[in-house]
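Spelled out, the chains give:
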Amino acid sequence: MITETPAQEHPVPEHPVPEHPVPEHPVPEHPVPETPAQETPAQETPAQETTLELPKGYLAVGTDKVAAIDQLCQATAETGLFSGAVLVAKDGQVLYENAFGMANQEWQVPNTVETKFRLASVSKQFCSMLVMQLVQEGRLSLDDSISDHLTYYRKDSGDQITIHHLLAHQSGLPDFTASFDYRSKLSRLSFPPDEFIQQYCSGDLQHEPGTIYSYCNAGYCILGRIIEKVTGKSFGRQLQERILDPVGMANTGLDRNEAILQHRASGYTRGAFGLENADYISMATTPGPAGGMYSTVGDMFLWDRALTTDKLLNKQYRDLMFTPNSQVPEVKAAGGRARSIYGYGWQITTRTHPVTKRRSKVISHGGAINGFRAMEYRLVDDDAFVIVLCNQGDPVGAADVWRSVTRLSAELTAIVNDQPYRLPAKPGLSQNQRLLRLVQSEGLEAALQWFDERGKPAAWGGTFLLLAERLIADGDVETGLRLLEEDLARTPSKVWMVRKTAQAFLDNGRYAKALQYAEQGLQQRPHDERFLDIASEASRRIKPLAPVSQ
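None of these values were measured; they are calculated from a predicted model.

> What is the right way to read the layout of surface pockets from this model?
Vacant regions in the atomic arrangement are exposed by a probe of water-molecule size rolled over the atoms. Put simply, the second largest pocket is a space of about 420 Å³. Along the walls of the second largest pocket sit 27 residues, with Met-283, Ala-284, Thr-285, Gly-288 and Pro-289 positioned nearest its centre. Taken together, the elements giving at least two residues each to the lining of the second largest pocket come down to helix 6 (193-200), helix 7 (217-231) and helix 8 (235-247). Its residues assigned to classes, the lining of the second largest pocket shows 13 nonpolar, eight polar and six charged.

Structural data, given as structure tokens:
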């Protein structure tokens, strides 16, 4: 995810998954990074420069801008919350390009500037470009409805939703990433495109099309299929012929799990207790046009340069992509602004440096998907470009890597414009790490006491889930199960945690407890198949075997 982003959460029963760029964890739809800048909808305002004594923690760029950039990137990599590649350009020239960390942890293969990373929702801008090219050619209209091109689509909503609504995230469609089985099932499977759209991109409208901004990956999957229907070619082929080949982006494409791809980075999740291999995701269907591309930092710079010319699209249509559709407000999860800041595949804001008050128009997009994070900033009035691609992600309920990537990107934009910047602090122990140490050294009660005094609960439940799973995996089953019960007692309405708890008791041979929690879940969701299965299996194992007749 895509991408997002961050984002902070959308509750779903099994794993909370955000509405952001095919995301991997709950994050705000379009992250407002914790950075030295404040974002507002883009507007025409003169840049303001102020000579001030720098507040504590801020550094002046000095005469060696490249050294400042390298210092920031090295410091960010040293936190352990970033591995990947960075490119910074100014006035059409690459100012800095470097890579950090490992492309493959198991083989200890370093990242390089040639490493290919998944873009997640940064992919959406390529989909919007293809759509706008077809609009320019007169083969599509922004006022066309879904029904005009996908004849099988349900008529009640298909007649209302236009290409414009899909591009601007104003369709009103629910996002498939918010479904309870997205992470555990849907994201792992491949579907024929029309079947996927019918089953997972055709839900009942959450609001009238064109009335509110709500980030929706389903809309871009539909756009990708419309492109295929109009052109008679696959989305990947159109991408190659219309964008990648003309621009010379030889290291970019639509990702396929089965393809042998040289210099592909492996994706990792910075789990509660260290790096882990990221969960598998089928790239063909669920991200697809909404978040299924890969690229390098160098290729993304070529893309940035192409966007400043008429090479791919005439200026009047590029301007449509880069103009926020501010006639509608945003949903609360996206920031709740009174006016949307999303164009077509891009976010358009004005960033104000908190120290100098210098204002910069920024066209950007983020992305988050299993094991990868991406952030792209185009400072169009300053002719500057920043791209950060990362092969780490966050577990469910966390956003440390995401914040690291967005903060790095924002501080780089400050440096490239000679503005004061801040280095990241080295992270201390995470809450889960502290709790694990306390459980192992002083016992569960001491850990819970520390949490009650200083801990932070997860917004959507599951505060102790990762710790409980770690304890169970390490053989301390009783403590792990007790933690799950403690977690559930604090958030009894979280159905997905009831399901997790019931399953854990079943898996560890505590059948009476498994049945108890399955029945609790069925009170909330009477027809839930997983609760029914757990209850059936637990009952079967509790019931004594009937004596064999002689």
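What follows picks up the thread again.
> Would you mind going over the sheet that holds strand 8 (residues 253-254) with me for this structure?
Each strand in a sheet pairs with another by means of backbone hydrogen bonds, the pair being arranged parallel or else antiparallel. Spatially, 7-11-8 is the arrangement adopted by the three strands of the open sheet, whose pairing is antiparallel. The sheet is open, and its two edges are formed by strand 7 (117-118) and strand 8, each paired on a single side. Here strand 8 pairs with strand 11 (residues 293-295) via two bridges, running antiparallel. Across the sheet, residue Leu-254 finds its bridge partner in strand 11, namely Met-293.

> What should I look at first to understand the nonpolar core in this one?
The nonpolar side chains of a soluble globular protein tend to be buried with one another. In this structure, Phe-126, Leu-167, Ile-222, Ile-243 and Trp-303 are the most contacted members of the largest nonpolar core, which totals 83 residues. Filtering out sequence-adjacent residues up to four positions away, Phe-126 remains in contact with Leu-119, Leu-239, Ile-243, Met-249, Met-293, Met-300 and Trp-303. Listed in part, the 37 residues of the second largest apolar core include Leu-436, Leu-465, Ala-518 and Phe-531.

> How should the pattern of salt bridges be read in this particular structure?
Applying the stated criterion to the full structure yields 34 salt bridges. The salt bridge involving Asp-156 is made with Arg-154; its shortest N-O contact spans 2.7 Å. Judged by relative accessible area, which is 29%, Arg-154 ranks as partly exposed. Arg-482 serves as the salt-bridge partner of Glu-445, at 2.9 Å between the closest nitrogen and oxygen. Of the two residues, Glu-445 sits in helix 13 (residues 444-454) while Arg-482 sits in helix 15 (residues 477-490), which places them 37 residues apart along the sequence. Given a relative accessible area of 52%, Glu-445 falls into the exposed group. One network of salt bridges, in which partners are shared, links Asp-194, Arg-225, Glu-228 and Lys-229.

> For this particular structure, what's the right way to read the packing of helix 2 (residues 124-136) against helix 8?
Axes are the key here: two packed helices are described by the angle between their axes and the distance separating the axes. The N-to-C vectors of helix 2 and helix 8 enclose an angle of 75°; their axes lie 11 Å apart at closest approach. Here helix 2 lies roughly perpendicular to helix 8, going by the angle between them. Contact residues: Phe-126, Cys-127, Met-129, Leu-130, Gln-133 and Leu-134 in helix 2; Phe-235, Gln-238, Leu-239, Arg-242 and Ile-243 in helix 8. When grouped by side-chain class, the residues that make up the contact of helix 2 with helix 8 number eight nonpolar, two polar and one charged.

> Help me understand unusual backbone geometry in this model?
Glycine aside, residues mostly have negative phi angles, and peptide bonds mostly take the trans form. The backbone of Lys-357 sits at a positive phi, close to 65°, despite the residue not being glycine. Its place among the elements puts Lys-357 in the loop between strand 12 (347-352) and strand 13 (359-369). Even without being glycine, Asp-383 reaches a positive phi, approximately 50°. Residue classification places Asp-383 among the partly exposed residues on the basis of a relative accessible area of 28%.

> Help me out: how do you make sense of the packing of aromatic side chains in this one?
For any pair of aromatic rings, the description rests on two quantities: the centre-to-centre distance and the angle between the ring planes. Counted by the stated rule, this structure contains 13 aromatic pairs. Ring centres of Phe-126 and Trp-303 lie 4.1 Å apart, and the angle between their planes is 25°; on these two criteria the pair is classed as stacked. Taken together, the positions of Phe-126 in helix 2 and Trp-303 in helix 9 (residues 297-306) put the pair 177 residues apart, joining distant regions of the chain. Trp-303 shares its class with Phe-126; the two are buried. Of the aromatic side chains, those joined through ring pairs into one cluster are Phe-176, Tyr-182, Phe-191, Phe-196 and Tyr-200. Arg-470 extends its terminal NZ or CZ atom over the ring of Phe-273, reaching a point 4.9 Å from the ring centre. Here the basic side chain of Arg-499 rests over the ring of Phe-531, its NZ or CZ set 5.1 Å away from the ring centre.

> When you look at the environment of Ser-340 in this model, what are you seeing that I'm missing?
Within the secondary structure, Ser-340 sits in the loop between helix 10 (315-321) and strand 12. Among the residues examined, Ser-340 registers a relative accessible area of 0% and is labelled buried. A C-alpha to C-alpha distance of 5.5 Å links Ser-340 and Glu-330, two positions 10 residues apart in sequence. When sequence neighbours within four positions are dropped, the list of residues in contact with Ser-340 reads Tyr-213, Pro-324, Asn-325, Ser-326, Val-328, Pro-329 and Glu-330. Here the side chain of Ser-340 touches Tyr-342 through a polar contact of 3.1 Å, landing on its backbone nitrogen.

> Just checking my understanding: could you explain the state of the cysteines for this structure?
Working definition of a disulfide: a covalent bond connecting the sulfur atoms of two cysteines. Considering all chains together, one arrives at zero disulfides under this definition. The thiol sulfur of Cys-127 is not disulfide-bonded, and the nearest other cysteine sulfur, from Cys-221, lies at 8.6 Å.

> What exactly am I supposed to notice about the sheet that holds strand 16 (residues 392-393) here?
Sheet architecture is open: three strands sit in the order 10-9-16, paired in mixed fashion. Looking along the sheet, the strands with just one partner apiece sit at the ends: strand 10 (274-277) and strand 16. Where strand 9 (residues 268-271) lies against strand 16, two bridges are found, and the strand directions are parallel. Across the sheet, the residue bridging to Tyr-268 is Gln-392, located in strand 16.

Rules of the game
- Residues numbered from 1 in each chain as written.
- Predicted model: local features only at pLDDT ≥ 70, side-chain atom pairs only at ≥ 80, totals over all residues.
- Heavy atoms only, no water.
- 1 Å grid on protein atoms, 1.4 Å probe; cavity = no way out; pocket = protein on both sides within 12 Å on 5 of 7 lines; lining within 4 Å.
- Points joined across faces, edges and corners; volume = space filled by probe spheres on them.
- Helix = DSSP H or I, 4+ residues; strand = E, 2+ residues; numbered from the N terminus.
- Nonpolar A, V, L, I, M, F, W, Y, C, P; charged D, E, K, R; others polar.
- Pairing = 2+ DSSP bridges.
- Core = buried A, V, L, I, M, F, W, Y, C linked by side-chain atoms within 4.5 Å.
- Buried < 20%, exposed > 50% of the residue type's maximum accessible area, 1.4 Å probe, protein only.
- Contact = heavy atoms within 4.5 Å.
- Salt bridge = Lys/Arg side-chain N within 4 Å of Asp/Glu carboxyl O.
- Axes fitted to C-alpha atoms, helices over the stretch in contact; angles between N-to-C directions.
- Parallel < 35°, antiparallel > 145°, perpendicular 65-115°, else oblique.
- Phe/Tyr/Trp six-rings, centres within 6.5 Å; stacked < 30°, edge-to-face > 60°.
- Lys NZ or Arg CZ within 6 Å of the ring centre and 35° of its normal.
- Polar contact = N/O pair within 3.5 Å; in protein donor to acceptor, adjacent residues only side chain to side chain.
- Disulfide = S-S within 2.5 Å.

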